[in-house]
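If you want the building blocks of each chain, they are given just below.
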Amino acid sequence: MTNEELYLKSRITNENPFRVPEGYFDRLTADVMARLPERQSENPKEEKTARRIQLRRSWLAAASVAVVAIVGTLVYFNKLNPADTADKQVAAVAAPVSDSYIDEAADYLMIDHQDIYACLTSEY
């Protein structure tokens, strides 16, 4: 241990400085219950209204969760069907190409008929 640690241990004890009075926890429950105000409803109609409002809120929350789940499921399964998306992409790529476009691409890539034939027959 360093000198600082030894100095701190000599100055600070391991004793807990906080104390609980004798019998505190024995009478705690009775003291707390005595301090609570008496709950007597003067108007029982207000309690019924409060219960209805609480019930309405819980039904509203349940309905909103159900709507979110249904919409989420519909969106998920609509996006999940890859066949429609793949067909649309293939249709967009497989558009008819004119011969002039192929000739221009072959000129740009500097490919002649022999190179094309070699690529198609795997002799390249």
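These figures come from a predicted structure and were not determined experimentally.

1. Notes on the overall build of the chain
Here's step 1: A count of helical and extended segments in the chain gives 6 helices and 0 strands.
Here's step 2: Put simply, the chain runs from its N terminus to its C terminus through helices and strands in the order α-α-α-α-α-α.
Here's step 3: Within the chain, buried positions represent 2% of all 124 residues.
Here's step 4: Accessible area of the chain: about 12800 Å², with a carbon and sulfur share of 59%.

2. Remarks on the packing of aromatic side chains
Here's step 1: Under the defined criterion, the tally for this structure stands at 2 aromatic pairs.
Here's step 2: Taking the centre distance of 5.2 Å and the plane angle of 80 degrees together, the rings of Tyr24 and Phe25 count as edge-to-face.
Here's step 3: Measuring from ring centre to ring centre gives 5.3 Å for Tyr76 and Phe77, while their planes differ by 75 degrees; the resulting arrangement is edge-to-face.
Here's step 4: Overall, the relative accessible area of 52% leaves Phe77 in the exposed class.

3. Observations regarding unusual backbone geometry
Here's step 1: Backbone geometry at Met110 places phi at a positive 60 degrees, although glycine is not the residue there.
Here's step 2: As for its placement among the helices and strands, Met110 is situated in the loop between helix H5 (99-109) and helix H6 (113-120).

4. Re H5
Here's step 1: The buried fraction of H5 is low, at 1 of 11 residues.
Here's step 2: Within two residues after H5, Met110 carries a phi angle of roughly 60 degrees, on the positive side.

5. Observations regarding a nonpolar patch on the surface
Here's step 1: Together, Tyr108, Leu109, Ile111, Ile116 and Leu120 make up an exposed nonpolar region whose accessible area comes to about 560 Å².
Here's step 2: At the level of secondary structure, the elements contributing two or more residues to the nonpolar patch comprise H5 and H6.
Here's step 3: Within the secondary structure, Tyr108 sits in helix H5.
Here's step 4: What makes Tyr108 exposed here is its relative accessible area of 69%.

6. Section: a negative patch on the surface
Here's step 1: Where like charges cluster on the molecular surface, the negative patch consists of Asp99, Asp103, Glu104 and Asp107.
Here's step 2: Of note, Asp99 is situated in helix H5.
Here's step 3: Residue Asp99 is classed as exposed on the basis of its relative accessible area of 59%.

About the criteria used
Residues numbered from 1 in each chain as written. Predicted model: local features only at pLDDT ≥ 70, side-chain atom pairs only at ≥ 80, totals over all residues. Heavy atoms only, no water. Helix = DSSP H or I, 4+ residues; strand = E, 2+ residues; numbered from the N terminus. Buried < 20%, exposed > 50% of the residue type's maximum accessible area, 1.4 Å probe, protein only. Areas by Shrake-Rupley, 256 points an atom, 1.4 Å probe, with all protein chains shown as cover. Phe/Tyr/Trp six-rings, centres within 6.5 Å; stacked < 30°, edge-to-face > 60°. Patch = residues over 30% accessible without salt bridge, like charges linked within 9 Å, V, L, I, M, F, W, Y side chains within 5 Å. Salt bridge = Lys/Arg side-chain N within 4 Å of Asp/Glu carboxyl O. Lys, Arg positive; Asp, Glu negative; His and termini not counted. Charge placed at Lys NZ, Arg CZ, Asp CG, Glu CD.

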